[in-house]
Amino acid sequence: MANPFQFRPPLHTRVLMRRTSAYRVFAIFYSFAILALLYHHLIHLLHSPNTLSFFILLADVLFSFLWASSQGFHMCPTDRRVFIEHLEHYVKESDYPGLDVLICTADLHKEPPMGVVNTALSMMAYDYPTAKLSVYVSDDGGSKLTLFAFMEAARFATHWLPFCRKNKVVERCPEAYFGSNPSSWFPETDQIKLMYETMKIKVESVVEKGTIPHDHFTNEQEKQAFSRWTDEFTQANHPAVVQVLLEGNKDMDITGHTMPNLVYVSREKRPGSPHHFKAGALNVLIRVSATMTNARVVLTLDSDMHSNDPQTPLRALCYLLDPDMDPNLGFVQFPQAFHGINKNDIYAGECIHVYQIHPIGMDGLAGPMHVGTGCFFRREVFSGGPSRTPGQSSDHLVSKSIGNKEVLASAHHVSAWNYENQTNWGTKMGYRYGSLCEDYCTGYRLHCEGWKSIFCNPKRPAFLGRAPINLNVCLNQSKRWGVGLLEVGFCKHSPIVFGLMEIGPLMGLCYANYAFRPLWSIPITIYAFLPQLALLKGVSIFPKVSEPRFFLYIFLFVGAYTQDCLDFLLSGATIQRWWSTQRVWMMRGVSSFSFSLVEYLLKCIGISQFGFNVTSKVVDKEQSKRYKQGIFEFGVSSPLFLPLTTAAIMNLVSFLWGMVLIFKKKNLEGMLLQMLLAGFVMVNCWPIYEAMVLRTDRGRMPTRTTIISIFLAWALCIIVSVSPKI
């Protein structure tokens, strides 16, 4: 029988990037260079064993392993395009699958309610049939103030949605739209803006005071919704709250159009019972949405990632509804993008590797990993394995109203603290537990179960969020991710063993590259201190300029950096942002990755229990000003700064001592690579030197941190000077 879709225009295209062959040839030559280096290290260690040679060999072995694991990203880089204008040839708008949007927030002080409200409003305003659209908000902080904010948002939405629909507004996040160029505004914009500002002032005033005045309630039903917040109600001990704020078949906007569903959820929590952080909150939302609307497509979002393109769901449907697509396609991942990034992205907040370069590489294999937000799932991926009966036409929508007492009772039941006991939730169903990186862990396990994924990267970013503008926050976030990645790397389903067998060698290597990413801390820390200490001792550990191995080191360093730089430039980033990324990478290696490795080891032996710390979305005006100027923010006495400042001081001292040796004409040829290494680290450490000595603002390096680092560097120098060998 002829395929009814065969003469219709394609929904998407896929091509292998032209740079693939160059990547593969480079990998072959680079591999031989690495083998030659390791061979020499091993021979040297066998003939003249010493501690220094052992640590240099260890560093280079880890460098080699982590480089090899990264080659999975370069073997099949793929470029895709979608054609949403062709979607009408495959499905009518009335036959679009239902879409449940799941948004998580956990702390109203770190994630202000108005930010979450803007995210929800931008999703509610999608170019999508409102009868098919539902937005669920998980408030893991259990705050009545967040519920109040969404009650206000529901009222404002009845004006905002028709305004966007009538004027075909592209930027449908109110805060972003009203902050745009006024020349693009419409006659009624000022009126809508006034309504928004009134709501914003009202919500922020309530959050600041911590109480809701009685005159803010418009009816008895609203007042009754807050009766559940009794004196015994705390963030860690409270019953489940499921509140329907907008019901699609009942509530209308000001023009008479139906509204999408909007539901507030705060799951039940009890002291001493595990709640599994964000993964647990998402699993509750998956179950609640299944009892109320049960849409076939589920979109998961962070609280600060608002929509930047109202047609994003249609782009996902171009893959999910394609009859020629692999029936095991489980999710479509959009990249994270950020607004407010400064010119040179000094903290590498864009994460170009994670959100651009690596997904393109994995897309040519089994598909990109899940990155926590901006992901459209088929609902069945959360039920324990690929569906063998794809292509079902109905949405299996719940027939009863979401406000029905029976439906609400069921929603409360699946939100109970003990609902998951003796079930497969968190192991074979829903988001997977056992790692602080629930997104990485879940995507990995889904791929191991046979699901595939797609990377959709439109020219206009689908979602926009806010990246950290504070170095301490950035490093702490990396530390938390590091612990979560190691939890997967050393579990029974480790990508390096289980993954290689289940998803193939290249995909296994890609996942292993992330799982063991904190191990970068070992070689980076070794190269940040040992060659410099040897230089102070007058010991040469690298080959002389006249030796062939000198050029082997140069090739390995320049080759890796050149490939990385080209990856950045080809992804559309600038060379200044690439420089910032490699600098922050070294900072993370010495600080946050080292701390995450220690934290993980302490957790394994039962000394420490690492918790989930929500990344703050609050913006300080002074910090924001310095960030826009490209000035690093230190300002607090964080333990994460100590290894950074100590390494900066050590490299400065060793470089100056090397200059002294040059003037004394002592073994310059043998010390050149150590001098170049110390100089390279010094150039990267300029923001640290500036913060320690030259700056007087509140973002400078705390004097206490500087003094402790000087003492540590001095102690290292003393130890080296009195040691007979190094």
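Residue numbers restart at each chain and count upward from 1, following the sequence in its written direction. pLDDT decides what is reported in this predicted model: residues at 70 or higher carry local features, side-chain atom pairs at 80 or more are listed and counted, and totals for whole chains, interfaces and linings draw on all residues regardless. Side-chain descriptors were evaluated using all non-hydrogen atoms of the structure, hydrogens and water having been removed beforehand.

A. Fine view of the overall build of the protein chain. Helix numbering and strand numbering both begin at the N terminus, where a helix is a DSSP run of H or I of at least 4 residues and a strand a DSSP run of E of at least 2. A count of helices and strands for the protein chain gives 24 helices and 13 strands. Against the globule reference of 27 Å for 726 residues, the protein chain gives a C-alpha radius of gyration of 28 Å, in line with a compact fold. Counting only C-alpha atoms and orienting by the principal axes, one finds that the protein chain spans roughly 85 × 70 × 55 Å. Exposed residues in this analysis have more than 50% of their type's maximum accessible area, buried residues have under 20%, and partly exposed residues fall in between, with area computed by a 1.4 Å probe over protein chains only. Counting all 726 residues of the protein chain, 57% fall into the buried class. Our radius of gyration is a C-alpha quantity, and the globule rule it is checked against amounts to 2.2 Å times the number of residues to the power 0.38.

B. Local environment of the sheet that holds strand S5 (residues 241-246). A pair of strands is labelled paired if DSSP reports no fewer than 2 bridges between them. A sheet is described by the order of its strands in space; here eight strands give the open sequence S5-S6-S4-S3-S7-S11-S9-S12, paired in mixed fashion. Here the strands that pair on one side only, and so sit at the sheet edges, are S5 and strand S12 (452-455). Averaged over all pairs of adjacent strands, the angle between strand axes in this sheet comes to 20°, irrespective of strand direction. Direction of pairing for strand S7 (residues 297-302) relative to strand S11 (residues 375-378): antiparallel, over a ladder of four bridges. Considered in S11, the bridge of Leu299 is made with Phe376. Axes, fitted as lines to C-alpha atoms, cover a helix only where it is in contact. Angles between the N-to-C directions of the axes lie from 0 to 180 degrees.

C. Examining the sheet that holds strand S8 (residues 306-307) more closely. Pairing is mixed across the open sheet formed by three strands, whose spatial order is S8-S13-S10. Two strands bound the open sheet, and with one partner strand each, they are S8 and strand S10 (338-339). Across two bridges, the pairing between S8 and strand S13 (residues 463-466) is antiparallel. Bridging across to S13, His306 finds its partner in Leu464.

D. How the structure looks around the UniProt feature "binding site: Mn(2+)" (unreviewed entry) in the protein chain. UniProt positions are given in the numbering used here, feature names are shortened, and annotations may be inferred rather than shown by experiment. Within the UniProt annotation, "binding site: Mn(2+)" (unreviewed entry) is assigned to Lys278 and Asp302. In sequence the annotated residues extend across 25 residues, while in space they remain close, none of their C-alpha pairs exceeding 10.0 Å. Relative accessible area serves as the criterion here: at 16%, Lys278 is assigned to the buried category. Contacts of Lys278, omitting those with residues within four sequence positions, involve Asp302, Gly372 and Glu438. Relative to the helices and strands, Asp302 is located in strand S7. At a separation of 2.5 Å, a polar atom in the side chain of Asp302 contacts the side chain of Lys278. Pairs of residues are marked as contacts when any of their non-hydrogen atoms sit within 4.5 Å. Under the rule applied, a polar contact is a pair of N or O atoms within 3.5 Å (in protein, one hydrogen donor and one hydrogen acceptor; residues adjacent in sequence only if both atoms are side-chain atoms).

E. Fine view of the pattern of salt bridges. A side-chain nitrogen of Lys or Arg and a carboxyl oxygen of Asp or Glu constitute a salt bridge if their distance falls within 4 Å. In this structure the tally under the stated criterion is 28 salt bridges. The partner of Glu547 in a salt bridge is Arg549, and the shortest N-O contact between them spans 3.6 Å. With a closest N to O distance of 3.7 Å, Glu622 and Arg626 form a salt bridge. Highlighted residues: Glu622 and Arg626, both in helix H20 (residues 621-628), separated by four residues, approximately one helical turn. Among the ionic contacts, a cluster of salt bridges with common partners joins Glu622, Arg626, Glu633, Arg695, Asp697 and Arg698.

F. Up close: the confidence of the model for the protein chain. Confidence of the predictor in every single residue is expressed as pLDDT, which spans 0 to 100. Of all residues in the protein chain, 95% have pLDDT values of 70 or greater, and the mean over the chain is 91. When mean pLDDT is taken per element in the protein chain, S11 scores highest with 98 and helix H7 (residues 220-225) scores lowest with 84.

G. A look at the domain arrangement of the protein chain. Its domain assignment divides the protein chain into domain 1 (93-305) and domain 2 (517-722). The source of the domain bounds is an automatic or database domain assignment. Measuring from the centre of the C-alpha atoms in domain 1 to the corresponding centre in domain 2 gives 43 Å.

H. Main features of the packing of helix H12 (residues 438-448) against helix H14 (residues 495-503). Where H12 contacts H14, the two axes come as close as 9 Å, and the packing angle between them is 40°. Between H12 and H14, the angle is such that the two are oblique. Residues Tyr440, Tyr444, His447 and Cys448 of H12 lie in contact with H14, whose contacting residues are Pro495, Phe498, Gly499, Glu502 and Ile503. Amino acid classes used here: Ala, Val, Leu, Ile, Met, Phe, Trp, Tyr, Cys and Pro are nonpolar; Asp, Glu, Lys and Arg are charged; the rest, including Gly, are polar. Taken together, the residues that form the contact of H12 with H14 break down as six nonpolar, two polar and one charged. Angular relationships are summarised with four words: roughly parallel below 35 degrees, roughly antiparallel beyond 145, roughly perpendicular across 65 to 115, and oblique for the angles in between.

I. Up close: the state of the cysteines. Criterion for a disulfide: a pair of cysteine sulfur atoms at a distance within 2.5 Å. Taken as a whole and judged by the stated rule, the model has zero disulfides. Of all cysteine sulfurs, the one in Cys351 lies closest to Cys474, which takes part in no disulfide; the gap is 7.5 Å. Free cysteine Cys565: the closest other cysteine sulfur is in Cys351, separated by 18 Å.

J. Spotlight on the side chain of Asp309. Topologically, Asp309 is positioned in the loop between S8 and helix H9 (312-320). Assessed through its relative accessible area of 5%, Asp309 is described here as buried. Sequence-distant contacts of Asp309, defined by excluding residues within four places in its chain, comprise Tyr126, Arg315, Arg460, Pro461 and Ala462.

K. Structural context of unusual backbone geometry. If you check the backbone angles, His276 has positive phi at about 60° while not being a glycine. Structurally, the position occupied by His276 is in the loop between strand S6 (261-266) and helix H8 (277-292). Even without being a glycine, Gln422 presents a positive backbone phi close to 60°. Looking at the element boundaries, Gln422 is found in the loop between helix H11 (405-414) and H12.

L. Fine view of the packing of aromatic side chains. Put simply, two rings from Phe, Tyr or Trp (the six-membered ring, in Trp's case) pair if the centres are within 6.5 Å, and we call them stacked under 30 degrees between planes, edge-to-face over 60, tilted for the rest. Counting across every chain of the model gives 52 aromatic pairs. Seen from their ring centres, Phe542 and Tyr553 are 5.2 Å apart, and the 65° between their planes marks the pair as edge-to-face. Here Tyr553 lies in helix H17 (residues 548-570) and Phe542 lies in the loop between helix H16 (521-537) and H17, a separation of eleven residues in the sequence. The exposure class of Tyr553 is buried, given its relative accessible area of 12%.

M. The arrangement of the packing of H16 against helix H22 (residues 668-684) in detail. Running from N to C, H16 and H22 cross one another at 135°; their axes reach a closest spacing of 10 Å. Between H16 and H22, the angle falls in the class oblique. For H16 against H22, the interelement crossing comes out left-handed. Contact with H16, carried on its side by Tyr527, Pro531, Gln532, Ala534 and Leu535, involves Met671, Gln674, Met675, Leu677, Ala678 and Val681 of H22 and no other residues of that element. Here the contact of H16 with H22 is composed, by residue class, of nine nonpolar, two polar and no charged. Take the far helix as the reference: if the near one is turned anticlockwise from it by less than a right angle, the crossing is left-handed, and if turned clockwise, right-handed.

N. Up close: the UniProt feature "binding site: UDP-alpha-D-glucose" (unreviewed entry) in the protein chain. With numbering matched to this structure, UniProt assigns "binding site: UDP-alpha-D-glucose" (unreviewed entry) to Lys110, Glu111 and Asp140. In summary, the annotated positions, though distributed over 31 residues, converge in three dimensions, the widest C-alpha pair being only 12.4 Å. Along the chain, the position of Lys110 falls in the loop between strand S3 (99-105) and helix H3 (113-124). Mapping Asp140 onto the fold places it in the loop between strand S4 (133-139) and helix H4 (144-167). Every residue in contact with Asp140, bar those within four places of it in the chain, is listed here: Thr105, Ala106, Gln235, Arg267, Lys269, Phe277 and Ala281.

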